[in-house]
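So you can see what is in the structure, the chains are spelled out below.
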Amino acid sequence: MAAMVVGALRRGTATAGGSSRSFARSLPRPVSTLVVAEHEGGFVKPSSLSALAAAEAIGKDDNRVSLLLGGSGPGLHKAAEHAASSHPLVSEVLVADSDVFAHPLAEPWAELLRSVQHKGGYSHVIASSTSFGKNLLPRAAALLDVSPVTDVTSISEPRVFVRPIYAGNALCTVRYTGEDPCMMSIRSTSFSPTEAMSEAKVAPITQVDLSFLSEGSSGKSAWVNLKSQDTERPDLANAPVVVTGGRGLKSAENFKVLEQLAEKLGAAVGATRAAVDAGFVPNELQVGQTGKIVAPELYMAFGVSGAIQHLAGMRDSKVIVAVNKDADAPIFQVADYGIVADLFEVLDELLKKLPDKK
Ligand SMILES: Cc1cc2nc3c(=O)[nH]c(=O)nc-3n(C[C@H](O)[C@H](O)[C@H](O)COP(=O)(O)OP(=O)(O)OC[C@H]3O[C@@H](n4cnc5c(N)ncnc54)[C@H](O)[C@@H]3O)c2cc1C
C-alpha cells in the first residue's frame, strides 16, 4: 500500500503539524519537485502558484523545483516567462511546445508526465485539484505505477500529508510509503500563492524532448470545444467574495437578483446542487463535494440549507453569512453571522443600501 493512514483528526481538535510530531520522522531524503502548471492568457494560473507554495512546504532549502508547462503559441511562451520568475524556488521551467498539449486532455499529458518523470527522477510531483489536475494525476500515476495522494490540504513532512475525508468532516493524516515519485494533488484554497519575486531571479526555460509522442498518444479522447461564460466577474474558485443561492431562490429569474448583489460586491456567484439540478444556473457554479471547493474571505449563502455535501465545498471560508427562513437550518451551524429571514427581503434591502461598485 503506497499511502498509509497514520491518524485522523476531528476538524478543529488539533493541528496536523502538532500531531505529526509523535509520528516517527522519516529519514531525510533528497527532494526534487515537479509542479504541473496550468496557464491562461500568458500567465500561470493562481491554482498552480498554490501548487508552488505546496512545493515550498515540502522543502525550502534543498528542494529542486521544476515547473512543467504545455501548449503552443505566444501564450505558452509568455506564461513560461511568467513561470520563470514566479518563485525563487523554481530552478527550471520545462516547456512542452506542441498543439497536442494546447488543450487539457489527460491522455497525452499523462504520457508527457511519465516521460518528464523518467528523465528528471523527481521525488514529488504536484498538481492542483482542478478538473484538469484531477483527471491527469491518476492516469499519470498509473503509468508510473504509484498511488497518488489526493486533495492535500497541509504538508507536515515531505511524505506526511493532511487531507479531508468523509466530505470534509474529518481530517486524515497519511504517510506516503511508496516508490518515487510521491504524486499529489493539492487543494489550492489551502496554500496561498506566494507573492511575485521582488528581485530578478529568472529560472532557465528548457524545451521538453517530445520524441515519445506517437499518433496514439491522445488515446480515445479528442478535443471538441470550450464553452465558457463571458463574464467580468471573478473566477468562482479564487474570488475573495462569493454569494451563493440555493433552492430557496426558487427560479432562474430570482438568481438575477443575486447577480445584482454580486455585481455590487465584486463577487462570484455560486449555487447549490439543488439549484443547479433545478436548472436555475449552469453546473459550473456548483459549490460542494461534487462542485467547486472555495474558501473566500466572505461567503454569503441565501436559501441554502447547509447539506453536508455543500458544506464540504465552502466550510473553510473565512467569514460565512447565511440567510434562511428556517432557524434550524444546518447552515447556521457553520455560519459566523446568521439571519433568520425571508431572503428576498434581505436581498432587496442589501441592494438598496449597498453602493454601486466603482
Ligand atoms: C453524492 C452527492 C453529492 C452532492 N454534491 C453536492 C454539491 O457538490 N453541492 C451541493 O450544494 N449539494 C450537493 N449534493 C446535494 C445536497 O445533499 C443537498 O441536496 C443540496 O445541497 C441542497 O441544496 P439547497 O440547500 O439549495 O436546497 P434545500 O436543502 O432544499 O434547502 C433550501 C433552503 O432554502 C430555505 N428557503 C426557502 N425559501 C426561502 C426564503 N424565501 N428565504 C430564506 N430561506 C428560504 C429553506 O429553509 C431551506 O433551508 C450532493 C448530494 C449527493 C448525494
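Per chain, the residues get numbers from 1 upward, laid out in the order the sequence is written. Only residues with pLDDT of at least 70 are given local features in this predicted model, and only at 80 or more are side-chain atom pairs given and counted; all residues enter the totals for whole chains, interfaces and linings. Values shown for side chains rest on all heavy atoms present in the structure; no hydrogens or waters enter the calculation.

- In the annotation of UniProt, the entry for the protein reads Electron transfer flavoprotein subunit alpha, mitochondrial, and the organism field reads Oryza sativa subsp. japonica.
- UniProt positions are given in the numbering used here, feature names are shortened, and annotations may be inferred rather than shown by experiment. Per UniProt, the comment on the protein under Subcellular location is "Mitochondrion matrix".
- Per its UniProt entry, the protein bears the Sequence similarities comment "Belongs to the ETF alpha-subunit/FixB family."

Observations concerning the pairing of strand S12 (residues 182-186)
Okay, so step 1: Think of it in three bands: with a 1.4 Å probe and only protein chains considered, a residue is buried below 20% of the maximum accessible area for its type, exposed above 50%, and partly exposed in between. Note on conventions: DSSP H or I runs of at least 4 residues are helices, E runs of at least 2 residues are strands, and numbering of each starts at the N terminus. Counting buried positions over the 5 residues of S12 gives 5, a clear majority of the element.
Okay, so step 2: Residues Cys-182, Met-184 and Ile-186 line one face of S12 and the alternating positions Met-183 and Ser-185 line the opposite face, and both faces are buried.
Okay, so step 3: Two strands pair if DSSP finds at least two bridges between them. Here strand S7 (residues 124-128) pairs with S12 via 5 bridges, running parallel. Residue pairing for S12: Val-125 is matched across the bridge by Met-183.
Okay, so step 4: With 2 bridges connecting them, strand S8 (residues 149-152) and S12 associate as parallel partners. If you follow Val-149 over to S12, its bridge partner there is Met-184.

Some words on the pattern of salt bridges
Okay, so step 1: Note on definitions: salt bridges are taken to be side-chain nitrogens of Lys or Arg within 4 Å of carboxyl oxygens of Asp or Glu. Tallied over the entire structure, the rule returns 12 salt bridges.
Okay, so step 2: Here Asp-356 and Lys-264 are joined by a salt bridge, their closest N and O atoms 3.3 Å apart. A residue pair is termed long-range when its members are at least 10 positions apart, and Asp-356 in the segment after helix H10 (343-353) and Lys-264 in helix H6 (residues 252-265) qualify at 92 residues.
Okay, so step 3: A relative accessible area of 59% places Asp-356 in the exposed class.
Okay, so step 4: Look at Lys-264 and you get buried, because its relative accessible area is 19%.
Okay, so step 5: The residue Asp-277 makes a salt bridge to Arg-273 at a minimum N-O spacing of 3.6 Å. Note that Asp-277 and Arg-273 are positioned in helix H7 (residues 273-277) at a spacing of 4 residues, about one turn of the helix.
Okay, so step 6: Residue classification places Arg-273 among the partly exposed residues on the basis of a relative accessible area of 49%.

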